[in-house]
Amino acid sequence: MRTRVKDYIEVSDYTSLDRLITTLTAIRESLPETAEPELKMRGDDVFGRRLSITYWRELTAAEQEADAKYHALVAADAEIAALAAQLDDVPFEQAPKARRKAA
């Protein structure tokens with residue numbers, strides 16, 4: 001089961017370079033050391049551009065609970081697939097089809 005997830009922060013409302021630097025510094029200081037943050041510029045000329053910061057964070061308790069349920073379903077699906085593969089290996093001969101009588 002995974003313990004970290006990639007999350008993101010978007011910085012779209014900035015007016016000056018000093019304010020942007022202050023915002024980015026505050027974000028960097030709030031992230032844990034294992035976050036591995038990356039900065040990208042996204043968007044286009046029509047809808048506008050924004051800075052997007054992606055980083056790794058630990059799962060919350062609710063996310064871990066949901067993830068555990070999902071992995072239980074995946075394990076059950078894998079077990080069903082394994083049983084289906086075993087059944088595919090069983091020799092099978094199809095009985096000849098009965099002929100229909102013309103009315």
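For the structure itself, look to the data block above.
Predicted model, so just to flag it, every value in this text is computed and none were measured.

Asks: Mind laying out the sheet that holds strand 3 (residues 48–58), listing which residues take part and the relevant values?
Replies: Read across the open sheet, the 3 strands follow the order 1-3-2; overall the sheet is antiparallel. Strands with a single pairing partner mark the edges of an open sheet, and in this sheet they are strand 1 (4–11) and strand 2 (38–44). Taken over all neighbouring pairs, the strand axes of this sheet differ in orientation by 30° on average, direction set aside. Pairing geometry for strand 2 and strand 3, over 7 bridges, is antiparallel. Bridging across to strand 3, Arg-42 finds its partner in Arg-50. Sheet strands touched by helix 1 (residues 17–30): strand 1 and strand 3. Its angle to strand 1, the strand with the most contacts, is close to 165°.

Asks: Explain the pattern of salt bridges to me, using residue names and the numbers behind them.
Replies: Under the counting rule described, the total for this entry stands at 6 salt bridges. Here Asp-7 makes a salt bridge to Arg-57, at a shortest N to O gap of 2.8 Å. Taken together, the residues Asp-7 in strand 1 and Arg-57 in strand 3 connect sequence positions 50 residues apart. Classification of Asp-7 by relative accessible area gives partly exposed; the value is 22%. The partner of Arg-49 in a salt bridge is Asp-45, with the nearest N and O atoms 3.1 Å apart. In this structure, a network of salt bridges that share partners links the residues Asp-7, Arg-57 and Glu-63.

Asks: Give a detailed account of the pairing of strand 3, specifying residues and quantitative values.
Replies: As paired strands, strand 1 and strand 3 are joined by 8 bridges and run antiparallel to one another. Looking at strand 3, one finds that Tyr-8 is bridged to Thr-54.

Asks: Tell me what's going on with the nonpolar core, and back it up with residues and numbers.
Replies: One finds Val-11, Leu-20, Ile-27, Leu-31, Ala-35, Leu-51, Ile-53 and Tyr-55 forming the largest nonpolar core, which totals 8 residues. Where this core is concerned, the elements lending two or more residues are helix 1 and strand 3. Tallying contributions element by element places strand 3 first for this core, with 3 residues. Every residue in contact with Tyr-55, bar those within four places of it in the chain, is listed here: Val-5, Lys-6, Asp-7, Tyr-8, Ile-9, Leu-31, Ala-35, Glu-36 and Pro-37.

Asks: A description of the side chain of Ser-52 should follow, citing residues and the corresponding values.
Replies: Tracing the sequence through the fold places Ser-52 in strand 3. Take Ser-52: its relative accessible area is 3%, and that puts it in the buried class. Not counting the four nearest positions on each side in its chain, Ser-52 is found in contact with Tyr-8, Ile-9, Glu-10, Glu-38, Leu-39, Lys-40 and Arg-42.

The rules behind each value
Residues numbered from 1 in each chain as written. Predicted model: local features only at pLDDT ≥ 70, side-chain atom pairs only at ≥ 80, totals over all residues. Heavy atoms only, no water. Pairing = 2+ DSSP bridges. Helix = DSSP H or I, 4+ residues; strand = E, 2+ residues; numbered from the N terminus. Axes fitted to C-alpha atoms, helices over the stretch in contact; angles between N-to-C directions. Contact = heavy atoms within 4.5 Å. Salt bridge = Lys/Arg side-chain N within 4 Å of Asp/Glu carboxyl O. Buried < 20%, exposed > 50% of the residue type's maximum accessible area, 1.4 Å probe, protein only. Core = buried A, V, L, I, M, F, W, Y, C linked by side-chain atoms within 4.5 Å.

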